[in-house]
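If you want the building blocks of each chain, they are given just below.
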Amino acid sequence: MELAEAQGAVLAVLRATRAADLPRLLHWMRTSNDFDDFMLSNNDVMLRSIAEDLRKCLPIEGMLNSEHLAIQRSLFQMHQHPEPMIHVDAFLYDDDFVDSLCEEGKMSRNYCVACGSHKTAPLEFISHSFSLMELKFLYQHVLPDLTGKALVDVGSRLGAVLFAGCLYSSAFQLYGVEMNADFCHLQEMMITKYQFSDRVKVIHADICTQALLLQNADVVVMNNVFEYFLGSLEQARAWEFISQNVRKKGLLLVTVPSLEESLSTLQMDIQLSQWVEEVQLDYDVYMDKDIDREALQQIHLYKIV
Ligand SMILES: C[S@@+](CC[C@H](N)C(=O)[O-])C[C@H]1O[C@@H](n2cnc3c(N)ncnc32)[C@H](O)[C@@H]1O
């Protein structure tokens, strides 16, 4: 049913209601929890609409010319001889969308390992944003009630963590820090269009200049921030800064992948047990659904000790 038709149907029900029952019906419509499910799915619709707007502004791999070089350099450092990879932003393109792109021949999940033959191998997919499913897991199952709290997303890119935080949490303030000016511009466009400006702020900066913001935050989110974007020395410098400024006792730190994994290849002397305590997460909350459990298991939660 289209909007105008639905509005007409609601009005028809109101007009047909007995005059004596109308005040109670209107009171129920204003105060009932019966509409919560509709409101929740409305948030999903809004996030999907933001993703649709952003898709129109970006090439299919969801990356900008300004960052190709840095990513290729750091991938080469990490793997020396990297397997072919494909960059697909999971916030912009969910699995069904990727399937339809593959069907249209615009994308492939496999690459040919011996040219001319039918021998193929699966491509490794890299996403530079959380998917809708991961965002809902983050706000509905990983983090506690955020009423009155300030969250900082380090490397906020398309703003997925910030916009989802606005829709799925009661966080008082959501800050994104992003070093790429073009991505800051895209986030600003969405903040204006979807009227998030009272709760969401984007700062165009290197996180290593934002000591006060990190010191005052209640929640810090770090989704693969440095791995693909900085060389090893710069990563070590950035982690040193994070470990010195994310210090407030009780602060919640969300990372992908685990801190152990991120720090394992960098020669650093951060004593994790003196800095954080890992909080065990229940990755089976969506057991009955067709869910990417492997992706959820990359999400780790720590409490600063
Ligand atoms: C993998 S994306 C994370 C996207 C987003 N937080 C999410 O979860 O959907 C990492 C982002 O961090 C940014 N970044 C990397 N190093 C940074 C730094 N030192 N300061 C600020 N942003 C940084 C990159 O430009 C990139 O856009």
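Above this note sits the structure.
Here's what I pulled together on the structure shown here. (Residues numbered from 1 in each chain as written. Predicted model: local features only at pLDDT ≥ 70, side-chain atom pairs only at ≥ 80, totals over all residues. Heavy atoms only, no water.)

### A few points about a negative patch on the surface
- Taken together, D94, D95, D96, D292 and E294 make up a surface patch of like negative charges.
- Assessed through its relative accessible area of 62%, E294 is described here as exposed. (Patch = residues over 30% accessible without salt bridge, like charges linked within 9 Å, V, L, I, M, F, W, Y side chains within 5 Å. Areas by Shrake-Rupley, 256 points an atom, 1.4 Å probe, with all protein chains shown as cover. Salt bridge = Lys/Arg side-chain N within 4 Å of Asp/Glu carboxyl O. Lys, Arg positive; Asp, Glu negative; His and termini not counted. Charge placed at Lys NZ, Arg CZ, Asp CG, Glu CD. Buried < 20%, exposed > 50% of the residue type's maximum accessible area, 1.4 Å probe, protein only.)

### What about empty space enclosed by the protein?
- Evaluation of the coordinates by the stated rule reveals 1 cavity of 30 Å³ or more.
- In this structure, the largest cavity occupies an estimated 30 Å³ of space.
- Lining the largest cavity are M222, N224, V225, E227, W239, T255, V256, P257 and S262.
- Considered class by class, the residues forming the lining of the largest cavity number 5 nonpolar, 3 polar and 1 charged. (1 Å grid on protein atoms, 1.4 Å probe; cavity = no way out; pocket = protein on both sides within 12 Å on 5 of 7 lines; lining within 4 Å. Points joined across faces, edges and corners; volume = space filled by probe spheres on them. Nonpolar A, V, L, I, M, F, W, Y, C, P; charged D, E, K, R; others polar.)

### Here we look at unusual backbone geometry
- Following V256, the chain continues into P257 via a peptide bond in cis, with omega recorded as -5°.
- Its location among the elements puts P257 in the loop between β9 (252-256) and α11 (259-264).
- Even without being glycine, Q195 reaches a positive phi, approximately 55°.
- Following the sequence through the fold, Q195 ends up in the loop between α8 (181-193) and β7 (200-204).
- With a phi close to 45°, N224 is a non-glycine residue in the positive phi region.
- Turning to its location among the elements, N224 is positioned in the loop between β8 (219-223) and α10 (232-245). (Helix = DSSP H or I, 4+ residues; strand = E, 2+ residues; numbered from the N terminus.)

### Points about the pairing of strand β6 (residues 173-178)
- With respect to burial, β6 is a largely interior element, 5 of its 6 residues being buried.
- As judged from the 5 bridges shared by strand β5 (residues 150-154) and β6, these two strands associate in the parallel manner. Paired with L151 across the strands is L174, a residue of β6.
- This β-α-β element, β5 to helix α7 (residues 160-168) to β6, shows right-handed connectivity.
- Two strands pair when backbone bridges link them, and β6 and β7 are joined in this way by 5 bridges, in the parallel orientation. Its bridge partner being in β7, Y175 is matched across the sheet by K201.
- The parallel pair β6 and β7 is bridged by α8, and the resulting crossover is right-handed. (Pairing = 2+ DSSP bridges. Right-handed = clockwise from strand over helix to strand, strands pointing away.)

### Some thoughts on the site of the ligand
- Lining the immediate surroundings of the ligand are 18 residues, of which D153, G155, E178, I207 and N223 lie closest.
- One of the backbone nitrogen or oxygen atoms of G155 is found 2.8 Å away from a nitrogen atom of the ligand.
- Between a nitrogen atom of the ligand and a main-chain N or O atom of M179, the distance comes to 3.3 Å.
- With the chains in place, 99% of the 610 Å² that the ligand exposes on its own is no longer accessible.
- Counting atoms within 2 Å of the grid points, the majority share of the ligand lands in the second largest pocket.
- Considering only residue class, the shell around the ligand consists of 9 nonpolar, 5 polar and 4 charged. (Near = heavy atom within 4 Å. Polar contact = N/O pair within 3.5 Å; in protein donor to acceptor, adjacent residues only side chain to side chain. Sits in = over half its atoms within 2 Å of the grid points.)

### Notes on a nonpolar patch on the surface
- On the surface, V10, L26, W28 and M29 cluster together to form a nonpolar patch covering roughly 310 Å² of accessible area.
- The element best represented in the nonpolar patch is helix α2 (residues 22-31), accounting for 3 residues.

### Some thoughts on the environment of A236
- Counting through the fold element by element, A236 comes out in helix α10.
- When the C-alpha positions of A236 and L263 are compared, they lie 8.1 Å apart, and in sequence the two are 27 residues distant.
- Filtering out sequence-adjacent residues up to four positions away, A236 remains in contact with L266 and M268. (Contact = heavy atoms within 4.5 Å.)

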